Amino acid sequence: MVTWSVEREAEVKSMPLKVRNSLTRRKEILTPSSGGELKMFVCGPTVYDYVHLGHARTYLAFDTITRYLKFLGYKVHYLMNITDVAERVVQRAEQLKRDPVDLAREYEEAFLDDMRALGVTEVDIFERASEAIPRMIEQVAGLIEKGFAYETQTGVYFEVEKYPKFGQLSGQSHEELSLRRLELCSSKRNPEDFSLWRKYDKGLAWDSPWGRGRPGWHIEDTAVSMAMFGDTYDIHGGASELIFPHHEAEIAQAESLTGKAPFVRYWLHTGLLNVGVRKMSKSLGNMIRIRDALKEYTAAELRFYFASVHYREPMAYSHTGLKRARRRLSRLQKNFNSFTQAQVRGGGYEGKTSATLARYESKFKRFMNDDFNTPRALTVLEEFAAALGRMGRRVDQDSKMNLEDGFRKMANVLGILS
Ligand SMILES: [Zn+2]
């Protein structure tokens, strides 16, 4: 890893990384709040079933994003929560007549296995919601005390009206929001209010000042991320379908509690993975589990496939697309292997190789600095591999090592070398 330095900072500033921030709806230069360090939180899975390729798309995107931030020399603190306290976990456990904690642990393990198999290596800490319950209770109590939340016979609710910026992330007006009934419950003051705590006396439940129950999903993530990162941090990622109400609610809770804004400086969202015209999801029955996809394709092929579409764009899942990714990757690897396996002889390219490497590296960075444009970055690597293939053995040993190392570093950002 490259270390952060004055030179590094100057270099990064001369070729700034721009990201599309969902909060401002603009491409902005990414500047960490502290030197060369970035704190990033990404919404993790609800562990009640196997994860599918739609999840793979999001987690691979943020894995690649982290690898690229490190390639630039940043230190990244990457935190992901595991939603093991949720209605869906309880319901599935009841259906299967299983203990909800056992069920959640089993699917958490399966999730971590799938991530390892995909080469998702960059998450530093996975934090279970169930381990941050006292922190959630503290936050809910704080919101009641500050007048942002109220208790009813069914639970504690956040009063959306008290936070006028609600709707900023999803770009909705108060009128639009009032038409969206988030959770049907007759005890709420307003239909748009969302739950912070639900009262339950059975299933997964904890004691609280409002009786036994479970935290709401939104407060789980706010509590987990703030426990680790403090009142504000740099990047929050997740699938675009989480923008409303989940991320909107996270902002409302955190900013009401701390009085500090913005809670998160950059919000990054991945596009949906569709099958035909509908999104891939368990409820629609059109999902392909990661472990099943990995029986047919290698992790490198799947990573190449997902990187071939920009992470924010919606993507249509197709076998043809996957086969095309496989062919392109195989050609790239063949070119690269023919270069690495050739016996060096020298002649022809001496003195030009560092310029060649610098040229491809600069092109690669230019595309990746444009909101992580991986489709274009892939074509740079394909061109680079083809150029290496043409050089063959007409380089000396030092140049060969140099080029090979440079190529590997870029390819590893995308995780496409197996
Ligand atoms: Zn979340």
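## Topic: the environment of Ala325
Consideration 1: Along the polypeptide, Ala325 turns up in helix α11 (residues 319-341).
Consideration 2: By relative accessible area, which is 4% here, Ala325 ends up buried.
Consideration 3: Separated by 168 residues in sequence, Ala325 and Tyr157 have C-alpha atoms that sit 47 Å apart.

## A short note on the pattern of salt bridges
Any two side chains of opposite charge can pair, on the condition that their charged atoms come close.
Consideration 1: Taken as a whole, this structure holds 31 salt bridges when the rule is applied.
Consideration 2: A salt bridge links Asp231 to Lys260; its shortest N-O distance comes to 2.7 Å. You can see Asp231 sitting in the loop between α7 (217-229) and β10 (233-239) and its partner Lys260 sitting in the loop between α8 (243-258) and β11 (264-270), a full 29 residues away along the chain.
Consideration 3: Residue class for Asp231 comes out partly exposed when judged on its relative accessible area of 28%.
Consideration 4: Members of the salt-bridge network, linked through shared partners, are Asp63, Arg67, Lys70, Glu122 and Arg303.

## Focus on the sheet that holds strand β13 (residues 278-279)
Consideration 1: Pairing in this open sheet of three strands is mixed, and the strands run β13-β12-β14 from one edge to the other. If you trace the sheet from one side to the other, it starts and ends with β13 and β14 (315-316), each paired once.
Consideration 2: By the bridge criterion, two bridges tie strand β12 (residues 273-275) to β13 in an arrangement that is antiparallel. If you follow Val275 over to β13, its bridge partner there is Arg278.

## Examining the sheet that holds strand β6 (residues 149-151)
Consideration 1: Across the sheet, which stays open at both edges, the four strands sit in the order β6-β7-β8-β9 with antiparallel pairing between neighbours. Only two strands of the sheet have a single partner each, and these edge strands are β6 and β9 (213-215). Neighbour-to-neighbour, the strand axes of the sheet open up by a mean angle of 20°, direction not taken into account.
Consideration 2: Looking at chain direction, strand β7 (residues 155-158) and strand β8 (residues 194-199) are connected through four bridges and run antiparallel.

## Regarding unusual backbone geometry
Consideration 1: At the junction of Phe244 and Pro245, the peptide bond is cis and its omega measures out at 0° in the coordinates.
Consideration 2: Along the chain, Pro245 falls in helix α8.
Consideration 3: With an omega of -5°, the peptide bond running from Ala261 to Pro262 counts as cis.
Consideration 4: With respect to the secondary-structure elements, Pro262 resides in the loop between α8 and β11.

## Topic: the pairing of β8
Consideration 1: Pairing between β8 and β9: three bridges, direction antiparallel. By the bridge assignment, Arg198 is partnered in β9 with Arg214.

## Thoughts on the coordination of the zinc ion
Consideration 1: Summarising the metal site, the zinc ion is bound by the protein donors Cys43 (SG), Asp221 (OD) and His246 (NE2), whose distances to it range over 1.7 to 2.1 Å.
Consideration 2: Site description for the zinc ion: donor spacing in sequence, C-x177-D-x24-H. Linking Cys43 in the loop between β3 (37-42) and α2 (53-71) with Asp221 in helix α7, this pair joins segments that are 178 residues apart in sequence.
Consideration 3: Using a relative accessible area of 4% as the deciding quantity, one classes Cys43 as buried.
Consideration 4: Given the relative accessible area of 1%, Asp221 is considered buried.

## Details of the nonpolar core
Burial of nonpolar side chains together is a common tendency in soluble globular proteins.
Consideration 1: One finds Phe364 and Phe407 to be the most contacted residues of the largest nonpolar core, which totals 85 residues.
Consideration 2: Residues within four places of Phe364 in sequence aside, it is in contact with Tyr68, Phe71, Ala377, Val380, Leu381, Met410, Val413 and Leu414.
Consideration 3: In terms of nonpolar packing, the next biggest core, distinct from the first, is built from 43 residues, Val156, Leu177, Phe229 and Leu242 among them.

## Considerations on the packing of aromatic side chains
Consideration 1: Under the defined criterion, the tally for this structure stands at 21 aromatic pairs.
Consideration 2: Consider the rings of Tyr68 and Phe372, whose centres lie 6.2 Å apart with planes at 85°: the pair is edge-to-face. Of this pair, Tyr68 sits in helix α2 while Phe372 sits in the loop between α12 (353-368) and α13 (374-391), and the two are 304 residues apart along the sequence.
Consideration 3: A residue is classified by how much of its surface remains accessible, and Tyr68, at 0% relative accessible area, is buried.
Consideration 4: Residue Phe372 is classed as buried on the basis of its relative accessible area of 3%.

The rules behind the values
Residues numbered from 1 in each chain as written. Predicted model: local features only at pLDDT ≥ 70, side-chain atom pairs only at ≥ 80, totals over all residues. Heavy atoms only, no water. Helix = DSSP H or I, 4+ residues; strand = E, 2+ residues; numbered from the N terminus. Buried < 20%, exposed > 50% of the residue type's maximum accessible area, 1.4 Å probe, protein only. Salt bridge = Lys/Arg side-chain N within 4 Å of Asp/Glu carboxyl O. Pairing = 2+ DSSP bridges. Axes fitted to C-alpha atoms, helices over the stretch in contact; angles between N-to-C directions. Donors = N, O, S within 2.8 Å, 3.2 Å for Na, K, Ca; no water. Core = buried A, V, L, I, M, F, W, Y, C linked by side-chain atoms within 4.5 Å. Contact = heavy atoms within 4.5 Å. Phe/Tyr/Trp six-rings, centres within 6.5 Å; stacked < 30°, edge-to-face > 60°.

Taken by themselves, the reported measurements are silent on function.
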